[in-house]
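Single-letter residue listing:
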Amino acid sequence: MASWNQLKLKHFTIMLAALFIASVSISAIWITKAEASRRALIAEQHQSEHLQLVHIRGNHAQERLKQMVVNAKIKQGKGRQSWIQRRNQREKEYIKELVDHHNHAYHRIHYRTVYQPKITPGAETIMFVYSTITAMSAETRKAIRETWGNKTMLQKEGIMLCFVLGKRAKPGNAEQRIQESYLSKEHDMYGDILLFDFVDSYQNLTIKTVSMIRWFLNTPNSAKYLIKCDSDVLLNVDNMIPLIRKTYHASPNFILGHNMNITAPNRQTASKWFVPLQLYSKIFYPEFVSGTTYVISKTAAELISKNFASMDYLYLEDVFITGLCRYGTGISLVHSDKFIIKQPSSLTDVWGGCVSLHGYAGLGPDIRRNWQLINGKEVAKENIFEANSIRN
């Protein structure tokens, strides 16, 4: 009996333990689920708060960004306004400079000649090539003398070569003084330098041409006409002289070149050829010839020179000389397509039929290379002193 009771107690104890374990397990599962739900709820609340915070920050960021854009636009507007004001101020100063130059009428002054070329007796033509006092220009003059400006070749055609220059704006550095010394020795050796004491600049090109024509008329010479050309052209003397003589025989009162018809003044201040209304108010210029190369007979030069004193200054020398000063004088303006002012696609194709080519020269190596291309043989360089020898 005792053993039976013990067995029942044992079974009861086991049942109680099982119930306890089951209740604990159930409680643990419930607690776990409750904790999981609580954590999920907390996480959801955190996520909602985070999204709200992001939204708030996003709105703030957008507001700040909008404000930054507004500030940038205001700053840009002020900067653009300031830039426009500075540009307008520069334009006013530039126009004032041109007008002052115009009002001073520098072209009416007779400038002193520092160097004069040696007159070639019996020369029918004087060829004036525009140059400056720089190392590159000295090399260009040297190359011209070796190629189309060869003295022997020109003398056969009755041409005297002359390089026209003006002085520097202010005393230069040591290298510039060397170039001025070189020019002096160059003048002594070749005798083909015509140097005036006006300041050499683009705005003074008209002064350069006026001074050149006055020298041409006032210096005893036998020339019937003058050729004016820039240093960045190639001249075909074999074609040039017959054309000049043919034109002269038709009428000794002429200007020969590439005519520019119906040309309006350039009103863009950034342009090299800008002309304000204060200097020239008409819609078009009178007909003129391109300043790259042109020919003026002595008769025409005399008529043009009479208008120098009465004509208002314009720094575009081709317009001033062959257009404004020529207008109303009865001078014949003779056009020829053989004066090529724009670089053609092929040098050799047009060389045989032209008298001048613009854009194929400029620097000494360019002149020599193109001359070699035309003639099919290497240019024979003259054995002359170099700038380095002046330093010693």
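On a predicted model such as this, the values are computed, not experimentally measured, just so you know. (Residues numbered from 1 in each chain as written. Predicted model: local features only at pLDDT ≥ 70, side-chain atom pairs only at ≥ 80, totals over all residues. Heavy atoms only, no water.)

### Overview of the confidence of the model for the protein chain
Step number 1: When the pLDDT values of the protein chain are averaged, the result is 82; 72% of them are 70 or greater.
Step number 2: Mean pLDDT in the protein chain bottoms out at helix H11 (residues 387-391), which sits at 35, and peaks at strand E7 (residues 254-260), which reaches 97.
Step number 3: This stretch, residues 383-392, has a pLDDT under 50; its non-local contacts, to residues over four places away or in other chains, come to 19 contacts. (pLDDT = per-residue confidence, 0-100. Helix = DSSP H or I, 4+ residues; strand = E, 2+ residues; numbered from the N terminus. Contact = heavy atoms within 4.5 Å.)

### Observations regarding the pairing of E7
Note on strand geometry: in a regular strand, side chains alternate between the two faces of the sheet.
Step number 1: Within E7, 6 of the 7 residues are buried, leaving the element largely enclosed by the surrounding structure.
Step number 2: Bridging between E7 and strand E9 (residues 332-335) involves 4 bridges; their strand directions are parallel. Bridge pairing in E9 links Phe-254 to Ser-332.
Step number 3: The pairing of E7 with strand E8 (residues 288-297) spans 5 bridges and is classified as antiparallel. Bridge pairing links Leu-256 to Val-295 in E8. (Buried < 20%, exposed > 50% of the residue type's maximum accessible area, 1.4 Å probe, protein only. Pairing = 2+ DSSP bridges.)

### Considerations on a nonpolar patch on the surface
Step number 1: A surface patch of nonpolar side chains, about 360 Å² in accessible area, is lined by Ile-262, Ile-283 and Phe-284.
Step number 2: One can find Ile-283 in the loop between E7 and E8.
Step number 3: Assessed through its relative accessible area of 64%, Ile-283 is described here as exposed. (Patch = residues over 30% accessible without salt bridge, like charges linked within 9 Å, V, L, I, M, F, W, Y side chains within 5 Å. Areas by Shrake-Rupley, 256 points an atom, 1.4 Å probe, with all protein chains shown as cover. Salt bridge = Lys/Arg side-chain N within 4 Å of Asp/Glu carboxyl O.)

### A word on the side chain of Asp-318
Step number 1: By the secondary structure assignment, Asp-318 is in helix H8 (residues 317-324).
Step number 2: Lys-228 provides the closest opposite charge to the buried, unpaired Asp-318, separated from it by 6.9 Å.
Step number 3: A distance of 3.1 Å separates the side chain of Asp-318 from the backbone nitrogen of Gly-291, its partner in a polar contact.
Step number 4: In contact with Asp-318, other than residues within four places in its own chain, are Phe-288, Val-289, Ser-290, Gly-291 and Gly-323. (Lys, Arg positive; Asp, Glu negative; His and termini not counted. Polar contact = N/O pair within 3.5 Å; in protein donor to acceptor, adjacent residues only side chain to side chain.)

### A closer look at the sheet that holds E8
Step number 1: Pairing is mixed across the open sheet formed by 8 strands, whose spatial order is E1-E4-E3-E2-E5-E8-E7-E9. In this open sheet, the two strands that pair with only one neighbour each are strand E1 (113-115) and E9. Sheet twist, expressed as the average angle between the axes of neighbouring strands with direction ignored, equals 30°.
Step number 2: Both strand E2 (residues 125-130) and strand E3 (residues 159-167) contribute to a ladder of 6 bridges, which runs parallel. When the bridges of E3 are listed, Met-127 appears paired with Leu-161.
Step number 3: Where helix H7 (residues 298-305) meets the sheet, its contacts fall on strand E5 (225-230), E7 and E8, and the angle it forms with E8 comes to roughly 110°. (Axes fitted to C-alpha atoms, helices over the stretch in contact; angles between N-to-C directions.)

### Section: the environment of Leu-243
Step number 1: For Leu-243, the location among the structural elements is in helix H6 (residues 237-250).
Step number 2: The exposure class assigned to Leu-243 is buried, which follows from its relative accessible area of 16%.
Step number 3: Along the sequence, Leu-243 and Leu-256 sit 13 residues apart, while their C-alpha atoms lie 9.2 Å from each other.
Step number 4: The residues touching Leu-243, leaving out its near neighbours within four places in the chain, are Leu-256, Ser-336, Phe-339 and Val-355.

### Thoughts on the nonpolar core
Among soluble globular proteins, nonpolar side chains are generally buried collectively.
Step number 1: Grouped together as the largest cluster of nonpolar side chains are 46 residues, with contacts concentrated most on Phe-128, Ile-296 and Ile-321.
Step number 2: Only E2, E3, strand E4 (193-199), helix H5 (205-218), E8, H7 and H8 provide two or more residues apiece to this core.
Step number 3: In this view, Ile-296 contacts Ile-213, Tyr-225, Leu-226, Phe-254, Ile-255, Ala-301, Ile-304 and Ile-321; residues no more than four positions away in its chain are not counted.
Step number 4: Grouped together as the second largest cluster of nonpolar side chains are 40 residues, Met-127, Leu-243, Leu-357 and Ile-374 included. (Core = buried A, V, L, I, M, F, W, Y, C linked by side-chain atoms within 4.5 Å.)

### Re the layout of surface pockets
Step number 1: As a volume, the largest pocket reaches approximately 1,000 Å³.
Step number 2: Around the largest pocket sit 38 residues that line it, and Tyr-202, Asp-230, Lys-272, Trp-273 and Thr-292 are the ones nearest its centre.
Step number 3: Mapped onto the lining of the largest pocket, the elements with two or more residues apiece are helix H2 (135-146), H5, E5, E7, E8 and H8.
Step number 4: Broken down by element, the residue count for the lining of the largest pocket peaks at 4 residues, all from E8.
Step number 5: Looking at the lining of the largest pocket residue by residue, the classes come out as 14 nonpolar, 15 polar and 9 charged. (1 Å grid on protein atoms, 1.4 Å probe; cavity = no way out; pocket = protein on both sides within 12 Å on 5 of 7 lines; lining within 4 Å. Points joined across faces, edges and corners; volume = space filled by probe spheres on them. Nonpolar A, V, L, I, M, F, W, Y, C, P; charged D, E, K, R; others polar.)

### Some remarks on the pattern of salt bridges
Step number 1: A full pass over the atoms with the stated rule returns 12 salt bridges.
Step number 2: Residues Asp-192 and Arg-145 are paired through a salt bridge, measuring 2.8 Å at the closest nitrogen-oxygen approach. Here the residue Asp-192 occupies a position in the loop between helix H4 (174-190) and E4, and Arg-145 occupies one in helix H2, the gap between them amounting to 47 residues. This pair shows no difference in class: Asp-192 is buried, exactly as Arg-145 is.
Step number 3: The shortest N-O distance in the salt bridge between Lys-228 and Asp-230 comes to 3.1 Å.
Step number 4: Given the relative accessible area of 1%, Lys-228 is considered buried.

### A closer look at the packing of aromatic side chains
Step number 1: Across all of its chains, the model carries 13 aromatic pairs by this definition.
Step number 2: On the basis of an interplanar angle of 20° and a centroid distance of 5.7 Å, the ring pair of Phe-196 and Phe-198 is categorised as stacked.
Step number 3: A relative accessible area of 2% places Phe-196 in the buried class.
Step number 4: Arranged with centres 6.1 Å apart and planes meeting at 85°, the rings of Tyr-285 and Phe-288 form a pair that is edge-to-face. Each member of the pair, Tyr-285 together with Phe-288, is buried.
Step number 5: Members of the aromatic cluster, connected to one another through ring pairs, are Tyr-111, Phe-196 and Phe-198.
Step number 6: Above the ring of Tyr-130, the side-chain terminus of Lys-228 is found at 4.8 Å from the ring centroid.
Step number 7: Taking NZ or CZ as reference, Lys-298 lies 5.0 Å from the ring centre of Phe-216, over its face. (Phe/Tyr/Trp six-rings, centres within 6.5 Å; stacked < 30°, edge-to-face > 60°. Lys NZ or Arg CZ within 6 Å of the ring centre and 35° of its normal.)

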